[in-house]
Amino acid sequence: MKSVVLKFVNLVGETGLYRLLCPGRIPVFMLHRVTDGNDNVPGDMTADKLRSYLRYLSSRKYNVLSMEQLWQVLEKGGPIPSKTVMFTIDDGFFDHHDVAAKVFDEFGFPLNFFVITGLLDKHLWPWDDQIAYALNRTELRQVSLQLPSGGEYSIDLSVKNIRQTAREIRNALKKDKQAHIYRWLKEELYHKLKVEFPCNIPPEYQPMSWDDARSLRERGHGVYPHTCSHRILSALVSDEKHQEINEARKRVEQELQYTPEVFAYPTGRRSDYDLADIDELKRAGFKMAFNTVPNYVSQGCSHFELPRFSVPGAVADFIQIVNRFEAMKEKLPNQPMVSRSFLPTR
Ligand SMILES: [Zn+2]
């Protein structure tokens, strides 16, 4: 039943009705990992699924904006062109260059990359991925952790699955001071779970290279900083905030020979950054920043809190955001058959 309703809803969407009723909105999408089936990449977005989404946009003549085009639209402050979308991808893993960019190249669409500079420098791999890696390799079921704040967290993998446990540890750590998060993971989490901390970045968490990033820019894509270490900015003191923002900007500048003016907050919920971070970005010369609050970009948005939708796993959900039916839901009373399920990840 639900699929029949969705089909009808999306058929009406083909007429452009929802865009007409909900003008002035651009969906900016956020990708995370994209697998071509030959790698061990976590997540379920395949190159084929991504290709089918882009084919939909191409066949309906949607305009996929570059970052510069989005800036022009927002800076001018005039009406927002109706048939537009934009794409971003966060963190800077190898599949972003090797798989995702190639799919976008097939259609001549730009993709905007937010890279963790410490990952591309091979100094670290993201702390949130380190949690999942350890939980997937431990043979223990019950472990008690002492959090950096001194609080306790009890792991019981016989009751909660790895995904849920990883989410809970991640959320507990987000609330803590994050200055020494990487040391804590190695000395507390890996130690207690009796998992050997890998000497090198594991294959599935390898970054793209700076050469890859340069090649992306030459092919018309955008590359922008996403901090040095992916630590939660709101959980850092001002010197650390300054370093994460300015050092990441400097590394992109050094490697790519241009000055980036766009940024994305790690994990990007409203509680993951604060006003001091926005001030720091402005002082550093940035002009736009993205969070991960699922909504459309419109002229009323702060340029330092631009929202993004996670790319949904189901094509019908993707089409609903693209054709602005998702915006219609705000105007309608209860919509039991469709829910705002496009929750952010990274
Ligand atoms: Zn991220």
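Going by the structure above, here's the rest.
Right, let's walk through the structure included here. None of these values were measured; they are calculated from a predicted model.

**A look at the layout of surface pockets**
Quantified by volume, the second largest pocket comes out at close to 260 Å³. As for the second largest pocket, its lining consists of 13 residues, of which His 123, Leu 124, Trp 125, Gln 130 and Phe 197 are closest to the centre. Taken domain by domain, the lining of the second largest pocket gets at least three of its residues from each of domain 1 (2-123 + 206-331) and domain 2 (127-193).

**Some details on the pattern of salt bridges**
If you walk through the whole model with that rule in mind, you get 22 salt bridges. As a salt-bridge pair, Asp 277 and Lys 241 come within 2.9 Å of each other at their nearest N and O atoms. With a gap of 36 residues between them, Asp 277 in helix H12 (residues 275-284) and Lys 241 in helix H11 (residues 238-256) connect regions that are remote in the sequence. Overall, the relative accessible area of 0% leaves Asp 277 in the buried class. Here Glu 280 makes a salt bridge to Arg 283, at a shortest N to O gap of 3.1 Å. Of this pair, Glu 280 and Arg 283 are both found in helix H12, 3 residues apart, which corresponds to roughly one turn of the helix. In this structure, a network of salt bridges that share partners links the residues Asp 121, Asp 211, Arg 214, Arg 251 and Glu 255.

**Quick word on the pairing of strand E6 (residues 152-156)**
By the alternation rule, side chains of E6 split into Tyr 153 and Ile 155, which are all buried, and Glu 152, Ser 154 and Asp 156, of which none is buried. The pairing of strand E5 (residues 142-146) with E6 spans 5 bridges and is classified as antiparallel. For Gln 146, the partnering residue across the bridge sits in E6 and is Glu 152. Counted between consecutive antiparallel strands, the loop separating E5 from E6 contains 5 residues, among which Gly 150 sits at a positive phi close to 105 degrees.

**Quick look at the coordination of the zinc ion**
All of the protein donors around the zinc ion are Asp 91 (OD), His 226 (NE2) and His 230 (NE2); their distances to the metal are 2.1 to 2.2 Å. Counting gaps between the donor residues of the zinc ion yields the pattern D-x134-H-x3-H. You can see Asp 91 sitting in strand E3 (residues 84-91) and its partner His 226 sitting in the loop between strand E7 (222-225) and H11, a full 135 residues away along the chain. Residue class for Asp 91 comes out buried when judged on its relative accessible area of 0%.

**Re unusual backbone geometry**
Unusually for a residue other than glycine, Lys 61 sits at a positive phi of about 60 degrees. Looking at the secondary structure, you find Lys 61 in the loop between helix H3 (47-59) and strand E2 (63-64). Here Lys 61 falls in the exposed class, since its relative accessible area comes to 68%. You will see that Lys 194, though not glycine, has its phi angle at about 55 degrees, which is positive.

About the cut-offs
- Residues numbered from 1 in each chain as written.
- Predicted model: local features only at pLDDT ≥ 70, side-chain atom pairs only at ≥ 80, totals over all residues.
- Heavy atoms only, no water.
- 1 Å grid on protein atoms, 1.4 Å probe; cavity = no way out; pocket = protein on both sides within 12 Å on 5 of 7 lines; lining within 4 Å.
- Points joined across faces, edges and corners; volume = space filled by probe spheres on them.
- Domains from an automatic or database assignment.
- Salt bridge = Lys/Arg side-chain N within 4 Å of Asp/Glu carboxyl O.
- Helix = DSSP H or I, 4+ residues; strand = E, 2+ residues; numbered from the N terminus.
- Buried < 20%, exposed > 50% of the residue type's maximum accessible area, 1.4 Å probe, protein only.
- Pairing = 2+ DSSP bridges.
- Donors = N, O, S within 2.8 Å, 3.2 Å for Na, K, Ca; no water.

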